[in-house]
Amino acid sequence: MTLPVSSPVRVRFAPSPTGLLHIGGLRTALYNYLFAQKKGGTFVLRIEDTDQGRYVAEAEPDILDSLRWAGLKLDEGPGVGGPHAPYYQSQRKKRYQELAQQLVDEGKAYLAFDTADDIQAMRERLQAAGNASPTYNAATRLQMNNSLACSAAEVEEHLAAGTPFVIRLKVVPGERVLFEDAIRGPVAFDTEGIDDQVLLKSDGLPTYHLANVIDDHDMAITHVIRGEEWLPSTPKHLLLYKAFGWRPPQMAHLPLILSPNGGKLSKRNADRMGIPVSVQQYRAEGYEPEALINFLAFLGWNPGTEQELFSLDELVDAFSIERVGSAGVQFNLEKLAWFNAQHLRQLPLAELAQRVRPELEKAGYEVEDAYLQNVVQAMRERIHRRSDVVNDGRYFFEDPVEYDEKGVAKRWKPDSATLMRLLAETLLSHPDFNAKSLDDAIHAFAEENEVGLGRIMAPVRLALTGVMSGPSVFEMMEVLGREICNRRLKRAAERLG
RNA sequence: GCCGCGUUCGUCUAGGGGUCUAGGACGCUGGCCUUUCACGCCGGUAACACGGGUUCGAAUCCCGUACGCGGUACCA
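What counts and what doesn't
Residues numbered from 1 in each chain as written. Chains lettered and ligands numbered in written order. Predicted model: local features only at pLDDT ≥ 70, side-chain atom pairs only at ≥ 80, totals over all residues. Heavy atoms only, no water. Core = buried A, V, L, I, M, F, W, Y, C linked by side-chain atoms within 4.5 Å. Buried < 20%, exposed > 50% of the residue type's maximum accessible area, 1.4 Å probe, protein only. Helix = DSSP H or I, 4+ residues; strand = E, 2+ residues; numbered from the N terminus. Domains from an automatic or database assignment. Contact = heavy atoms within 4.5 Å. Near = heavy atom within 4 Å. Polar contact = N/O pair within 3.5 Å; in protein donor to acceptor, adjacent residues only side chain to side chain. Nonpolar A, V, L, I, M, F, W, Y, C, P; charged D, E, K, R; others polar. Salt bridge = Lys/Arg side-chain N within 4 Å of Asp/Glu carboxyl O. Pairing = 2+ DSSP bridges. pLDDT = per-residue confidence, 0-100. Axes fitted to C-alpha atoms, helices over the stretch in contact; angles between N-to-C directions. Expected span 1.5 Å × (residues − 1). 1 Å grid on protein atoms, 1.4 Å probe; cavity = no way out; pocket = protein on both sides within 12 Å on 5 of 7 lines; lining within 4 Å. Points joined across faces, edges and corners; volume = space filled by probe spheres on them. Right-handed = clockwise from strand over helix to strand, strands pointing away.

## Things to note about the nonpolar core
Item 1. In terms of nonpolar packing, the biggest core is built from 56 residues, with Leu 26, Leu 30, Phe 43, Leu 67, Leu 72, Leu 292 and Phe 331 touching the most fellow members.
Item 2. When residues of this core are assigned to their parent elements, the largest contribution, 9 residues, is made by helix H1 (residues 23-38).
Item 3. Per-domain counts for this core show at least three residues from each of domain 1 (10-78 + 210-255) and domain 3 (267-333).
Item 4. Apart from residues no more than four positions distant in its own chain, Leu 67 is found in contact with Phe 13, Leu 21, Leu 26, Ala 29, Leu 45, Leu 72 and Leu 74.
Item 5. Within the second largest apolar cluster, 49 residues are counted, among which are Ala 353, Val 367, Leu 438 and Ala 492.

The structure is reproduced here in structure tokens:
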């Protein structure tokens, strides 16, 4: 059933443009990308826009943008082109119609003129007669209004009258469709349970099943890696490959991403749990693409080693489809936060500063690059998101407007104001304003004034930042500089008394 | 209902008959480091769904049950 080893690997990510790219969609794209890269193959993007009712114009640019942001480069598809263009199903209409007609001509499919009401009536009739799950299939098709049940003359009449019709696959009962899923091993379905699939809708557009099979064949796709929700559709697709006389690609069905409260991670479900769904949301909330990719890769896959932190290239190296699990995986925002902190802190300083800058601008702060780099260096070990640089390190960009009440109550003593004023004066003439020499100077200052270091450090921190947590006081002083330190020490002395 | 897939710590997982008194990571937690907060380091917490087989031996193989998830559209 699989293609010869020699054929070059070609995989595709085939989303429907019905909304913003979903986090689950990105994972599917990622696994396809990793597989293709690992095998030296080709990664194709195809837009499955056959549902006119659900079509959303912004979806496609969003898909492209999201994939780019995540670092998944396309080899073929909209925007980049390729030998199998167009990569839009809406533009391949003719091909589907021809092939559907071919199946009709060969007696493998047929025309059906039934209205939705007709089908509904059939279901009700059979249910009343004791059939628990009636479907449009071999058992019922001859009672329906189609080219199998009607005479040739009646069919002609319908056609002449312009009665809307669909083309259905004639599924032969009593067969067993067996295939080897690359992730879950052998899977079997009886054709008994498969109804006569609609291949071509009455609007002339194909259903997913038809378009998908034809495109995968035409585009020489060797491996179909998609979500588990497609597993029950696979026998339908295999039946179509057989009807066309084509060799099917290797199938691989990824485990679904589950919401922490169980069930598929749908938009609604995720919203309720406070979990972002679209890739754009993650981006807007300040997650790093490297972290999201790393996190997503581990949602259903693991390298079998104890390494957890991976770059995209390292993932390519380590990836194998066999190591993808088959059980559904629960989404865990806390783990993503951890990955984010890890990746954030291993970025080069200049790069980190660049990523933080938009957050500053949002908050209305403007600083020089060199200064920002000093700030992120001081902050990098204690942030989980880039926005934390602003949220937790506001004092790097403006004087504290208030002082932490609990901190003041606990550490600001009656002599603090005097000490801070004195220190400010001392520091004014301090030669080298760097962490090391400030460390020495403040130790000396404490000794001279015959107070413990604790009497100095906490009030200084409060004066400088207004809060009780943050980088080393000396390091911060160096970053802030003489002038600002001087000003803030005096200011705190004044305001806290 | 029917069909299919699945089931190891709360979560992501290692494990593919003996090396498992079940390992790692996130989370939570005790301590060390740090006169802050983090980081880091050292510890702790916590799992093989259940019942039958097969076998000298089962988390690992088979069957059944339970539970979960998916599908069951002229949506993908």
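So that's the structure; there's more coming.
## Concerning the protein's contact with RNA strand B
Item 1. Around RNA strand B, 53 residues are found, and the nearest of them are Val 329, Arg 382, Leu 453, Met 468 and Gly 470.
Item 2. Atoms of RNA strand B within 4 Å of the protein belong to the sugar or the phosphate in 73% of instances, the rest to bases.
Item 3. Arg 323 is positioned such that a nitrogen or oxygen atom in its side chain is 3.3 Å from a phosphate oxygen of RNA strand B.
Item 4. With 4 residues, the single largest contributor to the surface near RNA strand B is helix H12 (residues 333-345).
Item 5. Along the lines of polarity and charge, the residues of the surface near RNA strand B split into 19 nonpolar, 15 polar and 19 charged.

## A short note on the side chain of Arg 141
Item 1. Relative to the helices and strands, Arg 141 resides in the loop between helix H4 (116-128) and helix H5 (152-161).
Item 2. Judged by its relative accessible area of 9%, Arg 141 is buried.
Item 3. Other than its neighbours up to four places away in sequence, Arg 141 contacts Tyr 110, Tyr 136, Asn 146, Leu 148, Ala 149, Lys 170, Val 171 and Asp 196.

## Side note on the pattern of salt bridges
Item 1. Under the criterion given, the structure shown has 29 salt bridges.
Item 2. In this structure, Asp 196 and Arg 141 form a salt bridge, with 2.7 Å as the shortest nitrogen-oxygen distance. Note that Asp 196 is positioned in the loop between strand S6 (185-190) and strand S7 (198-200) and Arg 141 in the loop between H4 and H5, a separation of 55 residues in sequence.
Item 3. The buried category is assigned to Asp 196, whose relative accessible area is 0%.
Item 4. Here the salt bridges share partners, and the residues they tie into one network are Arg 12, Arg 46, Glu 48, Arg 92, Arg 95, Asp 215, Asp 216 and Asp 218.

## With respect to the pairing of S6
Item 1. In the sheet, strand S5 (residues 176-181) pairs with S6 via 6 bridges, with the strands oriented antiparallel. By the bridge assignment, Asp 181 is partnered in S6 with Gly 185.
Item 2. Where S5 folds back on S6, the antiparallel hairpin that results is connected by 3 residues.

## Some remarks on the confidence of the model for chain A
Item 1. Here chain A shows a mean pLDDT of 95. Residues at 70 or above account for 99%.
Item 2. Interface predicted TM-score (ipTM) for the complex: 0.95; the corresponding pTM is 0.94.

## A look at the sheet that holds strand S3 (residues 109-112)
Item 1. In spatial order, the strands read S3-S4-S7; together these 3 strands make up an open sheet with antiparallel pairing. The sheet terminates laterally at S3 and S7, the two strands that pair on one side only. Between one strand and the next, the sheet's axes are offset by a mean angle of 40 degrees, whatever the strand orientation.
Item 2. Where strand S4 (residues 166-169) meets S7, 2 bridges bridge the pair, whose relative direction is antiparallel. Its bridge partner lying in S7, Arg 168 is registered against Val 198.

## A closer look at helix H18 (residues 435-448)
Item 1. Relative to the 20 Å expected for 14 residues at 1.5 Å per residue, H18 spans 20 Å between its end C-alpha atoms, a close match to the ideal helical length.
Item 2. When H18 is considered as a whole, its buried residues turn out to be Ser 437, Leu 438, Ala 441, Ile 442, Phe 445 and Ala 446.
Item 3. Looking one or two places after H18, you find Glu 450, whose phi comes out positive at around 55 degrees.

## Section: the layout of surface pockets
To find leftover empty space, one rolls a probe the size of a water molecule over the atoms.
Item 1. Taken as a whole, the largest pocket holds about 1,200 Å³ of empty space.
Item 2. Those elements that place two or more of their residues in the lining of the largest pocket are strand S1 (10-13), H1, helix H6 (208-218) and strand S8 (223-227).
Item 3. The element contributing the most residues to the lining of the largest pocket is H1, with 4 residues.
Item 4. Per-class residue counts for the lining of the largest pocket are 15 nonpolar, 15 polar and 10 charged.

## Section: the pairing of strand S9 (residues 250-254)
Item 1. Among the 5 residues that make up S9, 5 are buried, leaving the element largely enclosed by the rest of the structure.
Item 2. Side chains Gln 250, Ala 252 and Leu 254 of S9 all project onto a buried face; the interleaved residues Met 251 and His 253 project onto the opposite face, where all are buried too.
Item 3. Across 5 bridges, the pairing between S8 and S9 is parallel. Across the sheet, Arg 226 pairs through a bridge with His 253, a residue of S9.
Item 4. Chirality of the crossover, the property in question, places the unit of S8, helix H7 (residues 234-244) and S9 among those that are right-handed.

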